Amino acid sequence: MFIQERYKYIIDILEKNGKVLVKDLSLQFKVSESMIRKDLQVLEKRKLLKRTYGGAININRTIVVGESFYSRVEKNTESKEI
C-alpha cells in the first residue's frame, strides 16, 4: 500500500469513528507503530487530525462534555449566595 493510500484510509477511519489508535493501524497495515506515528505526524501538520497519546482524533468533530461554565454559574444561585 502506498503512503498516500494509507493517509486516506486513516482520514476515512477518523471521519467514521472520530479516533484511531496507533496499535490498531499498525496491525491493519502491517507496518511498525513508529511508521504510523510518522504518518499521524504528517497528517497533523496538514491540519487533518490532532495527535493524542496512542493515537489521534478528528479535529472536525466537536465533542461537548457536560455543561458549559456559564450555564453552571446560573444554576443554584440562591445556594451559592448563602
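Sequence order as written defines residue numbering, which begins from 1 separately in each chain. For a predicted model such as this one, the threshold for reporting local features is a pLDDT of at least 70, and the threshold for listing and counting side-chain atom pairs is 80 or more; totals across whole chains, interfaces and linings nevertheless cover every residue. To obtain the side-chain values, all non-hydrogen atoms of the structure were included, while hydrogens and water were left out.

## Side note on the sheet that holds strand E3 (residues 55-57)
- Two strands qualify as a pair provided that DSSP identifies no fewer than 2 bridges between them. Each helix corresponds to a stretch of at least 4 residues labelled H or I by DSSP, and each strand to a stretch of at least 2 residues labelled E; elements are numbered beginning at the N terminus. Ordered in space as E1-E3-E2, the three strands form an open sheet in which the pairing is antiparallel. Strand pairing shows two members of the sheet lacking a second neighbour, strand E1 (19-21) and strand E2 (50-52), which therefore form its edges. The mean angle between the axes of side-by-side strands here comes to 20°, regardless of whether they run parallel or antiparallel.
- In this structure, E1 lies alongside E3, joined through three bridges in antiparallel fashion. Residue pairing for E3: Lys 19 is matched across the bridge by Ile 57.
- Whether two residues touch is decided by their heavy atoms; if any such pair falls within 4.5 Å, the residues are in contact. Note on geometry: axes are lines fitted to C-alpha atoms, helical ones only across the stretch in contact, with angles between N-to-C directions running from 0 to 180 degrees. Against the sheet, helix H2 (residues 22-29) engages E1 and E3, with an angle of about 70° to E1.

## What about the side chain of Asn 58?
- Mapping Asn 58 onto the fold places it in the loop between E3 and helix H4 (69-74).
- A polar side-chain atom of Asn 58 sits 3.4 Å from the main-chain carbonyl oxygen of Leu 14.
- When near neighbours in sequence (up to four residues on either side) are disregarded, Asn 58 contacts Leu 14, Glu 15 and Gly 18. Under the rule applied, a polar contact is a pair of N or O atoms within 3.5 Å (in protein, one hydrogen donor and one hydrogen acceptor; residues adjacent in sequence only if both atoms are side-chain atoms).

## Considering the environment of Gln 28
- As for its position among the elements, Gln 28 is in helix H2.
- For every residue, the accessible area (1.4 Å probe, protein chains only) is compared with the maximum for its type, and the residue is labelled buried under 20%, exposed over 50%, or partly exposed between those bounds. Taking the relative accessible area as the measure of exposure, Gln 28 reaches 44% and is therefore partly exposed.
- Excluding anything up to four places from it in sequence, Gln 28 contacts Tyr 9 and Ile 13.

## Comments concerning helix H1 (residues 3-17)
- In a regular helix each residue adds 1.5 Å, so 15 residues correspond to 21 Å; H1 covers 21 Å between its end C-alpha atoms and thus fits that length.
- Within H1, burial applies to Arg 6, Tyr 7, Ile 10, Ile 11, Ile 13 and Leu 14. Buried residues of H1, viewed axially, fall in a sector of 160°; they line one side. Exposed residues pointing more than 90 degrees away from the buried face of H1 are listed as Lys 8, Glu 15 and Lys 16.
- On its buried face, H1 is in contact with E1, H2, helix H3 (33-45) and E3.
- Looking at the residues trailing H1, positive phi occurs at Gly 18, about 90°. To estimate the expected span of a helix, subtract one from its residue number and multiply by 1.5 Å. It is the directions from the helix axis to the C-beta atoms whose arc is reported.

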